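What follows is each chain in one-letter form.
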Amino acid sequence: MVGLVRAATVIALKDLSLELRTKTAFASGLVFAVLVLAILFFSRDPTAVASRDIAPGALWVTFTFASILGLNRAFVLEHEQRAMDAILLAPIPRSAIFWGKFAGNLVFVGTIEAVSIPLFVVFYDVAVWPYLPSLLLVIALATVAFVAVGTLFSAIAVRTQYAEMMLPLLLLPFLVPPLVGGVQLTARVLDGRPLSDLGGWLRLIGGFDLAFVTLAALLFPVVLED
Amino acid sequence: MVGLVRAATVIALKDLSLELRTKTAFASGLVFAVLVLAILFFSRDPTAVASRDIAPGALWVTFTFASILGLNRAFVLEHEQRAMDAILLAPIPRSAIFWGKFAGNLVFVGTIEAVSIPLFVVFYDVAVWPYLPSLLLVIALATVAFVAVGTLFSAIAVRTQYAEMMLPLLLLPFLVPPLVGGVQLTARVLDGRPLSDLGGWLRLIGGFDLAFVTLAALLFPVVLED
Amino acid sequence: MTPIDRAFRLARWGGVVTGAALLGVAGVYVRALVYTPVERFQGPAQKIFYIHVPSAWGALLGFAVTGVLSILYLWVKDRRIDIAAAASAEVGVALSVVLLTTGPIWGKPIWGTWWTWDARLTSTLFLFLLFVGYLVMRGVVVDPGLRSRFSAVIGVMGLVLIPFIHLTVYMFRTLHPAPIVLKPSKPSLPGEMLVTLLTSVAVFTVVYLGFLTQRYALGLIRDLREREAAGDA
Amino acid sequence: MPVPVVATRGLARRYGYRPVLRDVSLELYAGQALLLVGPNGAGKTTLIRVLAGLLRPSAGTVERHAPAGLVGHDAMLYPVLTAAENLRFFARLYGGDCLSRVEPLLERIGLADRAHDRVATFSRGMTQRLGIARALLHAPTLLLLDEPLSGLDDKNRQLVLALLTALRDDGAALLVVSHQLEGFAGVASHMARLADTKLGPVVALDGRDPSAVFRELGA
Amino acid sequence: MPVPVVATRGLARRYGYRPVLRDVSLELYAGQALLLVGPNGAGKTTLIRVLAGLLRPSAGTVERHAPAGLVGHDAMLYPVLTAAENLRFFARLYGGDCLSRVEPLLERIGLADRAHDRVATFSRGMTQRLGIARALLHAPTLLLLDEPLSGLDDKNRQLVLALLTALRDDGAALLVVSHQLEGFAGVASHMARLADTKLGPVVALDGRDPSAVFRELGA
Ligand code: HEM
Ligand SMILES: Nc1ncnc2c1ncn2[C@@H]1O[C@H](COP(=O)(O)OP(=O)(O)OP(=O)(O)O)[C@@H](O)[C@H]1O
Ligand SMILES: Nc1ncnc2c1ncn2[C@@H]1O[C@H](COP(=O)(O)OP(=O)(O)OP(=O)(O)O)[C@@H](O)[C@H]1O
Ligand SMILES: [Mg+2]
Ligand SMILES: [Mg+2]
């Protein structure tokens, strides 16, 4: 158990130190957010659609795509010179690799999200500040779900020699519940509805998290075997 | 000149045969389109926003992301065992490599677009059929622009060891003109405005194509040198 | 009789069953068009009902079977289970294509729209996409052992995903008709139509089984060929 | 009698359906250094990866009583990290006092002055040495080396051979795959040949020169 | 007097600010086979890549009168394509009658039976051989080989050495980098040493054994 936590931390920290050095998550979070916002902004006829109504969608589309790119990165790195083999040789529980990557990816995606949110406030002048806590809770819940599945699938994708295309192909269907939930909750939260009204959606995403984090952790070793 | 065309064809065909074998472009075009559509649908309050109003945005967001993934793929392949070096040794003009990759990517992105458009008709039931020719023209124009820039930048990105993140980072700013143009034009075309009304936008994108295809072709050899 | 001969015989049987089933489908349609009353509100459009609903049934059956076989594979690790799972997925995808085309064709006249993001539609759609990805992945991974394990993992994940998607979209208003046959109270469908529906469901089940046997046999043959090529006992 | 550090019984491995190893039974004891030779495509790398636990055998059993140190065809390093960062990462992964061994090891393989350059900028021989250092981080009692001398110049070949001899004398068990036999006279205690999926007899060298024994192994 | 196939004058190359080659002047004529030796990190690979035109020199000039055939540390192949697909692709790229040489070459390097397996599934020695075949596709008059024997077993080492000798006799110019000198007696006509960024004198072997000359080159 101690071994697991220690190993997972070591792995996560390695990925994060790389991220800190390159700042790619930060930068791309920024660029993605701006671009999606721009496209959706210019695509709509301002008289017909209030920006408020598409803000949540834009927010989540950004999160999704920025994250998918990040997720791939995590295993491409391990694959390049087969460094993953050296990790597998170490006397650590294999699930530690999952938890390490999972944690690393969470921080990575978290950064992207942290960067984009302020941009939305600016672009769509939606007043988030009052609802920030609930909003963050919602985002966190949805993020955990798809990062867990993404971590599992990127380990598969990287070994198909077409990682860039294969990951989204496998992952996207699994994004429906967390994203729809996230979007709905975001919209409602921004309408100033208290979390208590949103029990249904929260339970749904919570359940999804529980189910798939467990499942991913259990299935991960199967994917690593050779 | 003959040499250039021949070499470019050989390179493009190699990439396309790989695509045909794996169908990843086709499949991921499908999945991407559907997911973006789903997210944007569920993200909006149906009473507030008519699907027509966000269809163009959705369309172009899909194109963008699906393409970015495809563009990366093209050079990751070359980089894996340094196969690109062997290509550089061949007695062919280096611009042939650009045109080959460019052509390959165009077909790839074209497939994705061809797959997504029908889906939009079904999901948003926007009546495109009457406007199809103009719509295709618009899409073609915008696509050429960002595939050209994308081909150039993916050659850079692949050598930064962070290709997945670096390409979008470099590319996205250049997508603003073609995408905003594309989105605007799509919206107007779907409103049944004749192309003659849209001269301004068309000229903008046309000019962008001209400028950046030329520039990319010229700068490409610089990127290859070591 | 060598395994490969046996596989070929199985394939032939599959062919026979499929053929018979397809004849059955034709029969059902004769009955549907000629002997079954035209639905009062929907008119002839409703006739598509007799292919739409059974194909839905067949598709879901196919995916469910794949999911279950995936779990089984992780347990037993027998390559034949993997081949069967893949076969079932293929049939499922094929039938969902039927479903996803008949649906909108029906929807346009009835609902006035090709598509609506209702629970059942959306879950079918994404289920379909998931298994498209499943098949693409199988096409890309060459090592059979690896391919089987990856497939199984995706299959299991998919099985768990479906209820979630359904629930998700269910929290939206729904256009799609509620179950009209499988419900506690007695079926709310005119007897004539009900009989036609049930026969066509039965027929499609046979269609599924026929295709399944065929694809399974073919997979088995390909597999045996691979082993021969590799000169493995 | 002592227990082998690693032992296989009736080991077989297929890729897809191509059999690569058939019925391989092998025992390796502490202080032994087995020099494994065989033609290209014989299955040497496959055997090593199975012994290391990176490949599951298709049949038969593998018993390993210690985490192996592995030098493979790839360096198993992160090109984007520096030499020191690479070793430190794996040292942390192994835990214990491994971290304290990073500096000395870099010193030993003559990369101390390049410790803070990214591995991506290393020459082939430098990468190879760093890969060897990585394998020695946790002072393994079982060392699996797949062509450890490839890409090394004269000086470094001697250095690595000396390193291996020292490890063997300290009681580690070594399995070395190599196509070039020169220099292994002092290192290898036993020798065997793997050819068309079968492992030949393991013969003790007793000071004879590997190249001499090579012929007698019927190459 | 004949013109050299490749010639450099005052060649220098830096990576960033680290000088790797200083003032290298070298001439290679048809029918010559220069065996280039030197410690790890001396700059041999860098020199070869500059000669091939893959790296721009930081100073000095390179004159090459023919497209080079290059065998490098990486195989320069597509792992996702089969052996035959790889060779056919590059043959088409070179044009001419190269396509007709694919089959014979696969035969020659003993990979005909594996022609339709993906390179990703090849053993190291198989990949190395395929890389060599790739370099020979267009019957180059200038061959640059960076450790061509690495990963090859005895039989294939002989095979490749014979191949090189034949090419030299047909009037190709060879530059071979190698850390193992055995077997090059018949192949190499000249020998030189590259050490700490400087290229030493190019000495003619005149049938002497490279290992003997190696010492006299002051290694
Ligand atoms: C899980 C997949 C599906 C199942 C099990 C299913 C089942 C059914 C059933 C039982 C009916 C008969 C209801 C009635 O007539 O009262 C029906 C009707 C219909 N379905 Fe589906 N369906 C599925 C997917 C789809 C899809 C993907 C579409 C595409 C738009 C679709 C469109 C329709 C339409 C338009 C009707 C007629 C609605 C009406 O009668 O008012 N269905 N479906
Ligand atoms: N991932 C793989 N998939 C399919 N076949 C493989 C794979 N890896 C190796 N093989 C095959 O297994 C056989 C043995 O490969 P292996 O790498 O073990 O040989 P080797 O003895 O190490 O050869 P070398 O001396 O060239 O390194 C070869 O025929 C090779 O083609
Ligand atoms: N891409 C690069 N960036 C920075 N430095 C590099 C790069 N490639 C090589 N070097 C440095 O240049 C020097 C020479 O490298 P090179 O690969 O030419 O050596 P080499 O003679 O081939 O060594 P080996 O015998 O190990 O292959 C080394 O110090 C290496 O670290
Ligand atoms: Mg090997
Ligand atoms: Mg070198």
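(A) Region of interest: the overall build of chain A. When helices and strands are tallied, chain A shows eight helices and zero strands. Tracing chain A from N to C terminus, the helices and strands come up as α-α-α-α-α-α-α-α. Against the globule reference of 17 Å for 226 residues, chain A gives a C-alpha radius of gyration of 18 Å, in line with a compact fold. Dimensions of chain A, computed from C-alpha atoms along their principal axes, come out at roughly 60 × 35 × 30 Å. Sorting the 226 residues of chain A into buried and exposed places 65% on the buried side. Relative to all contacts within chain A whose residues are 6 or more apart in sequence, the contacts with residues 24 or more apart total 81%. For chain A, the exposed area adds up to about 6800 Å²; of that, 70% sits on carbon and sulfur atoms. Averaging the coordinates of the 14 positive side-chain charges in chain A and doing the same for the 15 negative ones gives two points 5 Å apart.

(B) Examining the sheet that holds strand S2 (residues 18–28) of chain D more closely. All names here are of chain D. The sheet built from three strands is open, its strands ordered S2-S1-S4 with antiparallel pairing. Two strands close off the open sheet at either side, each with one partner strand: S2 and strand S4 (59–64). Neighbour-to-neighbour, the strand axes of this sheet turn through a mean angle of 25 degrees, independent of strand direction. The sheet contacts of helix H1 (residues 44–52) involve strand S1 (6–15), S2 and S4, and relative to S1 the element is tilted by about 125 degrees.

(C) Geometry of the coordination of the magnesium ion (ligand 4). Residues and elements named next belong to chain D. For the magnesium ion (ligand 4), the protein coordination sphere consists of Thr45 (OG1) and His73 (NE2), at 1.9 to 2.2 Å. Of this pair, Thr45 sits in helix H1 while His73 is found in the loop between strand S5 (68–71) and helix H2 (83–94), placing the two residues 28 residues apart along the sequence. The class for Thr45 is partly exposed, based on a relative accessible area of 25%.

(D) Expanded view of the side chain of Asp15 of chain A. Looking at where Asp15 of chain A falls in the secondary structure, it is placed in helix H1 (residues 2–22). Ignoring sequence-local partners within four residues, the contact set of Asp15 of chain A consists of Arg73, Ala74, Leu77, Glu78 and Lys101 of chain A.

(E) Region of interest: the relation of the copies chain A and chain B. Structural alignment of chain A on chain B gives an RMSD of 0.2 Å, achieved by rotating through 179 degrees and translating 0.1 Å along the axis. What we have between these two chains is a two-fold relation. When you check the interface residues of chain A against chain B, 100% turn up at the interface there too, and the contact is symmetric in its surfaces.

(F) The arrangement of helix H4 (residues 119–140) of chain C in detail. Compared with an ideal rise of 1.5 Å per residue, which puts 22 residues at 32 Å, H4 of chain C spans 32 Å between its outermost C-alpha atoms and is within 8% of the ideal. Taking burial as the measure, the 22 residues of H4 of chain C include 19 buried ones, the bulk of the element.

(G) Local environment of the pairing of S2 of chain D. Residues and elements named next belong to chain D. For S1 and S2, the ladder comprises seven bridges, and the chain directions are antiparallel. Paired with Ala7 across the strands is Glu27, a residue of S2. Joining the antiparallel neighbours S1 and S2 is a turn of two residues, in which Gly16 adopts a positive phi near 60 degrees.

(H) Inspection of the confidence of the model for chain C at higher detail. All names here are of chain C. Taken as a whole, chain C shows an average pLDDT of 81; of its residues, 82% reach a score of 70 or greater. Predicted confidence is poor over residues 181–187, with pLDDT under 50, and the contacts of this stretch with residues over four places away or in other chains come to seven contacts. The complex model carries a pTM of 0.90, and its ipTM stands at 0.88.

(I) Main features of the nonpolar core. Phe153 of chain A together with Trp117 of chain C are the most contacted members of the largest nonpolar core, which has 424 residues in total. Here the element with the most residues in this core is helix H7 (residues 163–190) of chain A; it accounts for 17 residues. If sequence neighbours within four positions are ignored, Trp117 of chain C has contacts with Val34, Leu37, Ala38, Phe41, Phe42 and Phe123 of chain B together with Thr122, Leu125, Phe126 and Val169 of chain C.

(J) Quick peek at the interface of chain A and chain B. Taken together, the contact pairs 45 residues of chain A with 47 residues of chain B. Buried surface at the junction of chain A and chain B, both sides included, amounts to about 4200 Å², of which 82% is carbon and sulfur. Summed over the shared surface of chain A and chain B, the result is zero salt bridges. Here chain A is connected to chain B by zero residue pairs in polar contact (both at pLDDT 80 or more). Taken together, the elements giving at least two residues each to the side of chain A that touches chain B come down to H1, helix H2 (24–43), helix H3 (51–79) and H7 of chain A. Residues belonging to the side of chain A that touches chain B are distributed by class as follows: 30 nonpolar, 10 polar and five charged.

(K) View of the site of ligand 2. Near ligand 2 there are 18 residues, and of these Thr45 and Thr46 of chain D together with Arg114, Ser123 and Gly125 of chain E occur at the shortest range. In this structure, ligand 2 sits where chains D and E come together, each supplying nearby residues. Between ligand 2 and Thr46 of chain D there is a distance of 2.6 Å, counted from an oxygen atom to a side-chain nitrogen or oxygen. Here an oxygen atom of ligand 2 and a side-chain polar atom of Arg114 of chain E are 2.7 Å apart. Considering ligand 2 on its own, with 630 Å² of exposed area, one finds that the protein chains cover 87% of that surface. Of all the secondary-structure elements, those providing two or more residues to the shell around ligand 2 are H1 of chain D together with helix H4 (124–136) of chain E. Tallied by class, residues from the shell around ligand 2 come to four nonpolar, 10 polar and four charged.

(L) Main features of unusual backbone geometry. Residue and element names in this part refer to chain D. For Thr197, which is not a glycine, the phi torsion comes out positive at approximately 65 degrees. Among the structural elements, Thr197 can be located in the loop between strand S8 (190–195) and strand S9 (198–199). The phi dihedral of Asp206 falls on the positive side, at around 45 degrees, and the residue is not glycine. You can see Asp206 is positioned in the loop between strand S10 (203–204) and helix H6 (210–216).

(M) A look at a nonpolar patch on the surface. Residues and elements named next belong to chain C. Residues Val68, Ile71, Leu72, Trp75, Val76 and Leu159 make up a contiguous nonpolar surface patch of about 590 Å² in total accessible area. The dominant element in the nonpolar patch, judged by the number of residues it contributes, is helix H2 (residues 49–76), at five residues. Counting through the fold element by element, Leu72 comes out in helix H2. We classify Leu72 as partly exposed; its relative accessible area is 39%.

(N) How the structure looks around the packing of aromatic side chains. Residues and elements named next belong to chain A. For the coordinates displayed, the defined rule picks out 28 aromatic pairs over all chains. On the basis of an interplanar angle of 80 degrees and a centroid distance of 5.7 Å, the ring pair of Phe174 and Phe212 is categorised as edge-to-face. Here Phe212 lies in helix H8 (residues 199–224) and Phe174 lies in helix H7, a separation of 38 residues in the sequence. When its relative accessible area of 1% is taken as the criterion, Phe174 is described as buried.

(O) Local environment of the site of ligand 3. Ligand 3 sits among 20 residues. The nearest are Arg114, Ser123 and Gly125 of chain D together with Thr45 and Thr46 of chain E. Per-site note: the chains with residues close to ligand 3 are chains D and E. Contacts to ligand 3 include Thr121 of chain D, whose backbone N or O atom sits 2.8 Å from an oxygen atom. Thr46 of chain E is positioned such that a nitrogen or oxygen atom in its side chain is 2.6 Å from an oxygen atom of ligand 3. Protein coverage of the free-state accessible area of ligand 3, which is 630 Å², stands at 87%. Elements with a contribution of two residues or more to the shell around ligand 3: helix H4 (124–136) of chain D together with helix H1 (44–52) of chain E.

(P) Broad picture of the side chain of Asn40 of chain E. Mapped onto the elements of the fold, Asn40 of chain E is located in the loop between strand S3 (33–37) and H1. Here the side chain of Asn40 of chain E touches Gly151 of chain D through a polar contact of 2.9 Å, landing on its backbone oxygen.

(Q) Representation of the packing of H2 of chain D against H4 of chain D within the structure. All names here are of chain D. Between H2 and H4, the least distance of the axes is 10 Å, while the angle of their chain directions is 20 degrees. With respect to their mutual orientation, H2 and H4 come out roughly parallel. Between H2 and H4 lies a crossing whose hand is right-handed. Facing Ala83, Leu87 and Phe90 of H2, the residues of H4 in contact are Leu130, Ala133 and Arg134. Classifying every residue of the contact of H2 with H4 gives five nonpolar, no polar and one charged.

Conventions adopted
- Residues numbered from 1 in each chain as written.
- Chains lettered and ligands numbered in written order.
- Predicted model: local features only at pLDDT ≥ 70, side-chain atom pairs only at ≥ 80, totals over all residues.
- Heavy atoms only, no water.
- Helix = DSSP H or I, 4+ residues; strand = E, 2+ residues; numbered from the N terminus.
- Rg over C-alpha atoms; globule rule 2.2 N^0.38 Å.
- Buried < 20%, exposed > 50% of the residue type's maximum accessible area, 1.4 Å probe, protein only.
- Contact = heavy atoms within 4.5 Å.
- Areas by Shrake-Rupley, 256 points an atom, 1.4 Å probe, with all protein chains shown as cover.
- Lys, Arg positive; Asp, Glu negative; His and termini not counted.
- Charge placed at Lys NZ, Arg CZ, Asp CG, Glu CD.
- Pairing = 2+ DSSP bridges.
- Axes fitted to C-alpha atoms, helices over the stretch in contact; angles between N-to-C directions.
- Donors = N, O, S within 2.8 Å, 3.2 Å for Na, K, Ca; no water.
- Least-squares fit on C-alpha atoms with pLDDT ≥ 70 in both.
- Expected span 1.5 Å × (residues − 1).
- pLDDT = per-residue confidence, 0-100.
- Core = buried A, V, L, I, M, F, W, Y, C linked by side-chain atoms within 4.5 Å.
- Buried area = accessible area lost by both parts, 1.4 Å probe.
- Salt bridge = Lys/Arg side-chain N within 4 Å of Asp/Glu carboxyl O.
- Polar contact = N/O pair within 3.5 Å; in protein donor to acceptor, adjacent residues only side chain to side chain.
- Nonpolar A, V, L, I, M, F, W, Y, C, P; charged D, E, K, R; others polar.
- Near = heavy atom within 4 Å.
- Patch = residues over 30% accessible without salt bridge, like charges linked within 9 Å, V, L, I, M, F, W, Y side chains within 5 Å.
- Phe/Tyr/Trp six-rings, centres within 6.5 Å; stacked < 30°, edge-to-face > 60°.
- Parallel < 35°, antiparallel > 145°, perpendicular 65-115°, else oblique.
- Left-handed = near helix turned anticlockwise from the far one by under 90°.

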